[in-house]
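What follows is each chain in one-letter form.
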Amino acid sequence: MEKKYKPAVGNIEKIIEILDSEYPESTDTTLNYKNPFQLLIATILAAQSTDKLVNKVTEDLFKKYKGPKDFANVDIEELQEDIKSTGFYRNKAKSIKKCSRDILEKFEGKVPQNIDDLTSLAGVGRKTANVVLGNIFGKQAIIVDTHMKRISRRLGLTTNSNPTKIEFDLMEIVPDDKWTDFSHKIVSFGRTICLGRNPKCQICKLLKYCKFGQENA
Ligand code: SF4
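As the structure is a computational prediction, the values presented were derived from the model and not from experiment.

Rules and cut-offs
- Residues numbered from 1 in each chain as written.
- Predicted model: local features only at pLDDT ≥ 70, side-chain atom pairs only at ≥ 80, totals over all residues.
- Heavy atoms only, no water.
- Near = heavy atom within 4 Å.
- Nonpolar A, V, L, I, M, F, W, Y, C, P; charged D, E, K, R; others polar.
- Phe/Tyr/Trp six-rings, centres within 6.5 Å; stacked < 30°, edge-to-face > 60°.
- Helix = DSSP H or I, 4+ residues; strand = E, 2+ residues; numbered from the N terminus.
- Buried < 20%, exposed > 50% of the residue type's maximum accessible area, 1.4 Å probe, protein only.
- Domains from an automatic or database assignment.
- Contact = heavy atoms within 4.5 Å.
- Buried area = accessible area lost by both parts, 1.4 Å probe.
- Salt bridge = Lys/Arg side-chain N within 4 Å of Asp/Glu carboxyl O.
- Polar contact = N/O pair within 3.5 Å; in protein donor to acceptor, adjacent residues only side chain to side chain.

(A) Local environment of the site of the ligand. R154, L155, F189, I193, C194, P199, C201, C204, L207, C210, F212 and G213 make up every residue found near the ligand. Looking at the shell around the ligand, its residues break down into ten nonpolar, one polar and one charged.

This is the structure in structure tokens:
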């Protein structure tokens, strides 16, 4: 088994090719949004939740709240109630209100387009910032969510557990014109094949690049 193993780090182009052909449709986040602010709010709500559930909540939420002014001025308890089903709703409501206020006061009501300003907003870490930069501002961004964290470690693309360190490790390995797309493909791969529990290693097209898979298949 060991002899058949080809390290993923030296074969990233091949891996990208396989992911591209397996998931040609995965070119965007599965969160619904119509503008950068909506994507930012949806991504904050998606923490510890699912995109499907968040889309259900934002369908009504974005009809009720048209932009940062509405979120900044709403009574916190009312907002908590509106987002309750996404979980961790007290913290999320606090972050969304504060983040909206910051956007109004520091950025003239517009979502900033660089990582430093984005991560200065309440409730916005590098993952959320990279989702916004990669999906709506057309910048290349490695998005380290739960799928990227798990799969990059299994493939041996990183040995780190800290998401920021993983992001920087991957930035060294993945070509810089593929960062966002690679992130989308990894999410689809993580939802269909490289599952958290019981990954489908026997049918995985990346098996030859994956020591973890070969040892566990
Ligand atoms: Fe994931 Fe298994 Fe494929 Fe490795 S071989 S990438 S663990 S599904």
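(B) Structural context of the packing of aromatic side chains. According to the stated counting rule, one finds three aromatic pairs in the structure shown. Here F37 and F71 contribute two aromatic rings whose centre-to-centre distance is 5.7 Å and whose plane-to-plane angle is 55°, an arrangement assigned as tilted. Within this pair, whereas F37 is found in helix α2 (residues 36-46), its partner F71 is found in helix α4 (residues 68-73), the two being separated by 34 residues in sequence. Each member of the pair, F37 together with F71, is buried.

(C) Fine view of the domain arrangement of the chain. Per the domain assignment, the segments of the chain are domain 1 (9-28 + 142-216) and domain 2 (36-135). The gap between the C-alpha centroids of domain 1 and domain 2 is 27 Å. Contact residues are listed per partner, giving eleven residues for domain 1 and seven residues for domain 2. Around 670 Å² of area is buried between domain 1 and domain 2 when both sides are counted, 47% of it from carbon and sulfur atoms. When the buried surface of domain 1 facing domain 2 is broken down by residue, I143, E167 and T180 rank first, second and third, together holding 49% of it. Seen at the junction of domain 1 and domain 2, the total is two salt bridges. Linking E167 and R126 is a salt bridge whose minimum nitrogen-to-oxygen distance equals 2.8 Å. Linking domain 1 with domain 2 are five residue pairs in polar contact (both at pLDDT 80 or more), by the criterion used here. Of all the secondary-structure elements, those providing two or more residues to the side of domain 1 that touches domain 2 are α10 (163-173) and α11 (179-192). Tallied by class, the residues present in the side of domain 1 that touches domain 2 amount to four nonpolar, three polar and four charged.

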